[in-house]
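What follows is each chain in one-letter form.
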Amino acid sequence: MDNQSIAKIFEEIGNILEIQNQNPFRFKAYYRAAQTIENLSQELSEIYKADKDGLTKIPGIGRALADTIIEIITTGKSKGHEALVKTLPDGFLNMLDIRGVGPKKVKLFYTELAVKNIAELKKAAEKRLLQTLPGMGEKSESEILAAINEYLSTSHDRRLLFDAMQQADEFVAYIKDGKTGNLIEAIEPCGSLRRRAETVGDIDILCASKNPGKIMEKYVSYPEIAKILSQGSTKSSVVLKSGIQVDLRVIDKESFGAALQYFTGSKEHNVRTRDIAKRKGLKLSEYGVFDGDKMIAGKTEKEVYNAIGLPFIPPEMRENRGEIELAEKLGVKGEKNMPKLIELKDLRGDLHVHSDWSDASQDIETVAMAYKKAGFEYIAMTDHSAFIGITHGMDENRIQQQWKEIDKLNKKLAPFKILKGSEVDIHKDGTLALPDEILKKLDIVIVAVHSAFMLPEAEQTARIIKALKNPYVTIFAHPSGRLINKRPAYKVDMDAIIKTAIENDVALEINSSPSRMDLQDIYVKRAKELGAKFAINSDSHHSSHMEYLKFGVFVARRGWLEAKNVINAKSL
DNA sequence: GCCGTTTTCGGCCCGACTGTTTTCAGTCG
Ligand SMILES: Nc1nc2c(ncn2[C@H]2C[C@H](O)[C@@H](COP(=O)(O)OP(=O)(O)OP(=O)(O)O)O2)c(=O)[nH]1
Ligand SMILES: [Mg+2]
Ligand SMILES: [Mg+2]
Ligand SMILES: [Zn+2]
């Protein structure tokens, strides 16, 4: 049983305990564990196998939850979970996904109207039965019906960071435009978008202004709006025609730092920081840090962190994945010892670039000139090796022809350098699509999986490990193979692959393509801890794709990488 | 259910908006 399935079980237990109106701290413990497990970089089964007491060392997992995990690992299920699930009809918990419907309401609908799932809830709303219930009325009933219809007609996928950032930019441009522009003292997208998570659930925008009323007015007349969910004096929420929700918070300039800290999250990070403040006899909210009635910080984020005894923590690290412990250990004075996260300007080259020699549209010179002009020092030309499914894959002859072309261009473009490379397929049996005689003459040998995604975990892992052991391999590209919202990662023992890469001096790629962002942040962080090195590559099939590199840098920062961990942050 | 540089017991983040309410519960951020 993998981590995601175990996390789901804990989430369900939490939901059911909450519906049963149990102790809030008890069901929150299940939610917290689910969240932690979802973001773990090692499989629970492996952690347990390596150390029988390993599970309880995970924060938020104590004796009881560890025993449940062990039961699931060894028997494939949890009796306690199954007993709880049996108390409710199939599909019951899905009702919680309807906006405005929570644990109290599903319980009410079930006990009073025997409503068992979303379809029955819809029927009950259409028959005007909901408004007869205590605490319900016409308005809340029609809101629920509208939310159900929206739920049934739209996708529930989280958005790619790339798409969300574009929509956020468009919205910010709109709100800054015209007369309201002068009323805006600061504006910043927050939430998961500011933390640069690979997908985001909604767009959260923070705005500083002395005139929130005017801002809100302009906000709710944004032409892209499909529905206004709520509109207050400091906070409003809407759904855009594109289906994404936008939350806008308007706050006084004096509180902007505290509000940034709040609205950037993550929620788990906020709970921790607020708890720290509380232990120090202070209170932290989006309005500031307070000592009794006295506001002692709030204008900037740094001020807020320092006021509660912590160094500034970069947004990408705020996931409660160890940054709080590190920050507490270092203290305000230790700020210089926080990781100096890599930045886009640290990148000197791009080690994964395609041309019209294989499946891209531009010739080598055009691509190289574009990189040179953008200030890069080098690229590696890594067209695909010949392989089924790849258009114009390169055989040994064409590779050698390409070298002549590269030599010619290197004379012309010096000191800019084009490295000779290839993106070599890993065959199903772990052998490579090009012979060693060619590989050893290449500057950069990227290997990657482009076929047989469905192999069983052990076989897939062995296949990749065999490839990484080839002495000429330099980079393992897009290590998980997932395409966000399109194709799941193939099944592998990622820890074993990371260790093999380290032993064989192979860099792990952080592929910057917005729908890949692969290796994922959690594994980047784990691999860094184990001592891996990385390459942040665009995998560009057009020179304009060099823009993608910033998404690779986002992933790297979320994995706490510094420039020294990244091979293409070095000059040749 | 978890956890410990105030604690092994008694805490567990803090606030906005809505609808239905005559003072606030529920949901959400
Ligand atoms: N203190 C506190 N802050 C919260 C809570 N829920 C949300 N926030 C803050 C932190 C979040 O990053 C921010 C925006 O909320 P969202 O629900 O949009 O979450 P976020 O953007 O992190 O993730 P998302 O991709 O939207 O699912 O609001 C909470 O329960 N307590
Ligand atoms: Mg959000
Ligand atoms: Mg939000
Ligand atoms: Zn490629």
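Criteria and thresholds
Residues numbered from 1 in each chain as written. Chains lettered and ligands numbered in written order. Predicted model: local features only at pLDDT ≥ 70, side-chain atom pairs only at ≥ 80, totals over all residues. Heavy atoms only, no water. Buried < 20%, exposed > 50% of the residue type's maximum accessible area, 1.4 Å probe, protein only. Helix = DSSP H or I, 4+ residues; strand = E, 2+ residues; numbered from the N terminus. Pairing = 2+ DSSP bridges. Right-handed = clockwise from strand over helix to strand, strands pointing away. Near = heavy atom within 4 Å. Polar contact = N/O pair within 3.5 Å; in protein donor to acceptor, adjacent residues only side chain to side chain. Nonpolar A, V, L, I, M, F, W, Y, C, P; charged D, E, K, R; others polar. Donors = N, O, S within 2.8 Å, 3.2 Å for Na, K, Ca; no water.

### Notes on the pairing of strand β17 (residues 534-537)
Here comes step 1: Taking every second residue as pointing to the same face, both faces of β17 are buried, with Phe534 and Ile536 on one and Ala535 and Asn537 on the other.
Here comes step 2: Of the strand pairs in this sheet, strand β16 (residues 507-511) and β17 are connected by 4 bridges, and their pairing is parallel. Note that in β17 the partner of Ile510 across the bridge is Ile536.
Here comes step 3: For the crossover that starts at β16, traverses helix α21 (residues 521-530) and ends in the parallel β17, the hand is right-handed.

### Overview of the protein's contact with DNA strand B
Here comes step 1: Around DNA strand B lies a shell of 47 residues, among which Gly62, Gly137, Lys139, Lys278 and Tyr287 are the nearest.
Here comes step 2: Of everything in DNA strand B that lies within 4 Å of the protein, sugar and phosphate atoms constitute 78%.
Here comes step 3: Within the side chain of Ser140, a nitrogen or oxygen atom sits 2.9 Å from a phosphate oxygen of DNA strand B.
Here comes step 4: At the level of secondary structure, the elements contributing two or more residues to the surface near DNA strand B comprise α2 (24-38), α4 (63-75), α6 (103-113), α8 (138-153), β5 (225-231), β7 (245-251), α13 (267-279) and β8 (283-285).
Here comes step 5: Of all the elements, α13 adds the most residues to the surface near DNA strand B, at 5 residues.
Here comes step 6: Among the residues forming the surface near DNA strand B, the class breakdown is 15 nonpolar, 15 polar and 17 charged.

### Observations concerning the coordination of the magnesium ion (ligand 3)
Here comes step 1: Looking at the magnesium ion (ligand 3), one finds its protein donor set to be Asp202 (OD), Asp204 (OD) and Asp247 (OD), positioned 2.0 to 2.2 Å from the metal centre.
Here comes step 2: Between consecutive donor residues of the magnesium ion (ligand 3), the sequence gaps follow D-x1-D-x42-D.
Here comes step 3: A separation of 3.6 Å is found between the magnesium ion (ligand 3) and the magnesium ion (ligand 2), which are bridged by Asp202. In this pair, Asp202 is assigned in strand β4 (residues 202-209) and Asp247 in strand β7, connecting sequence segments 45 residues apart. In terms of burial, Asp202 and Asp247 fall into one category: buried.

### Notes on the coordination of the magnesium ion (ligand 2)
Here comes step 1: In the first shell of the magnesium ion (ligand 2), the protein supplies Asp202 (OD) and Asp204 (OD), at 1.9 to 2.1 Å from the metal.
Here comes step 2: Relative accessible area serves as the criterion here: at 8%, Asp204 is assigned to the buried category.

### Some points on unusual backbone geometry
Here comes step 1: In this chain, Ala414 is followed by Pro415 through a cis amide linkage whose omega measures 10°.
Here comes step 2: When you line up the elements, Pro415 lands in the loop between α17 (396-413) and β13 (417-425).
Here comes step 3: Here Asp518 and Leu519 are connected by a cis peptide whose omega angle stands at 20°.
Here comes step 4: For Leu519, the position within the fold is in the loop between β16 and α21.
Here comes step 5: One non-glycine residue, Ala452, lies in positive phi territory at about 50°.
Here comes step 6: Of note, Ala452 is situated in the loop between β14 (444-448) and α19 (457-468).
Here comes step 7: A relative accessible area of 26% places Ala452 in the partly exposed class.
Here comes step 8: At Asp539, a residue that is not glycine, the phi angle is positive and equals roughly 55°.
Here comes step 9: Mapped onto the fold, Asp539 is located in the loop between β17 and α22 (549-558).
Here comes step 10: Among the residues examined, Asp539 registers a relative accessible area of 12% and is labelled buried.

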